[in-house]
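Close look at the chain arrangement
In case you want the letters, here they are:
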Amino acid sequence: MSPSNFSYTARQLQIEDLVQLAELEQATQLDPWSEAQVLAIAPLLDSGEYLGTVLSHGSEIVAYILARVFLDECEILSVGVAPSEQGKGLGKQVLRAFLAHLPEFMTQVHLEVRVSNLSAQRLYAGAGFIEVGRRKGYYAVLTADGQSGREDALLMSKFLKTT
């Protein structure tokens, strides 16, 4: 039975979630982090340098957000929703939970998103993120004829409060 038939629980990312997060990263990203890269953040979760939110049904993680903390700001590094669960509003649900559980001292959240990823741009804009810049050629892509190319990233930020 698919988890889509059940309710989901949002909670803080824990070290024991990293293996599942690495698997989901591989299934959802065009240029995913390796399992070793994901597992290497374990001590950074403990220290508070990284944080995240997962959406799960029971022990199965179906969506996640991973972010890096720097002083009173954080940068979302990766967002993923299991392919079988996409289009059901889980990205919005995990993003809301992530933002709702940020530490109180946090003033800004930043992220990059592919210029071609219009659904993610709408998701972030709907959550109050605004476009603040562009990184030319940030993402690697394969063109329609199989050639390697580059794609721009939009820089988006959400300002939580002023300092």
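So, a few notes on the structure that sits alongside this text. All chains use their own residue numbering, which begins from 1 and follows the written sequence. Totals for whole chains, interfaces and linings use every residue, but because this is a predicted model, local features are given only for residues with pLDDT of at least 70 and side-chain atom pairs only at 80 or more, for both listing and counting. Values shown for side chains rest on all heavy atoms present in the structure; no hydrogens or waters enter the calculation.

Now for a nonpolar patch on the surface. Together, Ile-130, Val-132 and Phe-159 line one region of the surface with nonpolar side chains, adding up to about 280 Å² of accessible area. Structurally, the position occupied by Phe-159 is in strand β7 (residues 148–159). Exposure above 30% relative accessible area and the lack of any salt bridge qualify a residue for a patch; like charges then connect within 9 Å, and the nonpolar side chains Val, Leu, Ile, Met, Phe, Trp and Tyr within 5 Å. Each accessible area is a Shrake-Rupley result for a 1.4 Å probe, and residues are judged covered by the shown protein chains and nothing else. Whenever a carboxyl oxygen of Asp or Glu lies within 4 Å of a side-chain nitrogen of Lys or Arg, that contact is scored as a salt bridge. Helix and strand assignments follow DSSP, with helices taken as H or I runs no shorter than four residues and strands as E runs no shorter than two, numbered in order from the N terminus.

Here, any two strands with at least 2 DSSP bridges between them count as paired. Across the sheet, seven strands lie side by side as β1-β2-β3-β4-β5-β7-β6; this open sheet has mixed pairing. The open sheet is flanked by β1 (9–12) and β6 (130–142), the only strands paired with a single partner. The average undirected angle you get between the axes of adjacent strands in this sheet is 25°. Where β1 meets strand β2 (residues 50–57), four bridges bridge the pair, whose relative direction is antiparallel. From the neighbouring strand, Arg-11 faces β2, where its bridge partner is Val-54. Where helix α1 (residues 18–28) meets the sheet, its contacts fall on β3 (60–70) and β4 (73–81), and the angle it forms with β3 comes to roughly 95°. Contacts from helix α5 (residues 118–126) reach β4, β5 (108–114) and β7 within the one sheet, and its direction differs from that of β5 by about 165°. To obtain each axis, a line is fitted to C-alpha atoms, and for helices this fit is confined to the stretch in contact; angles are then taken between N-to-C directions over 0 to 180 degrees. Residue contacts follow a heavy-atom distance rule, with two residues in contact if any of their heavy atoms lie within 4.5 Å.

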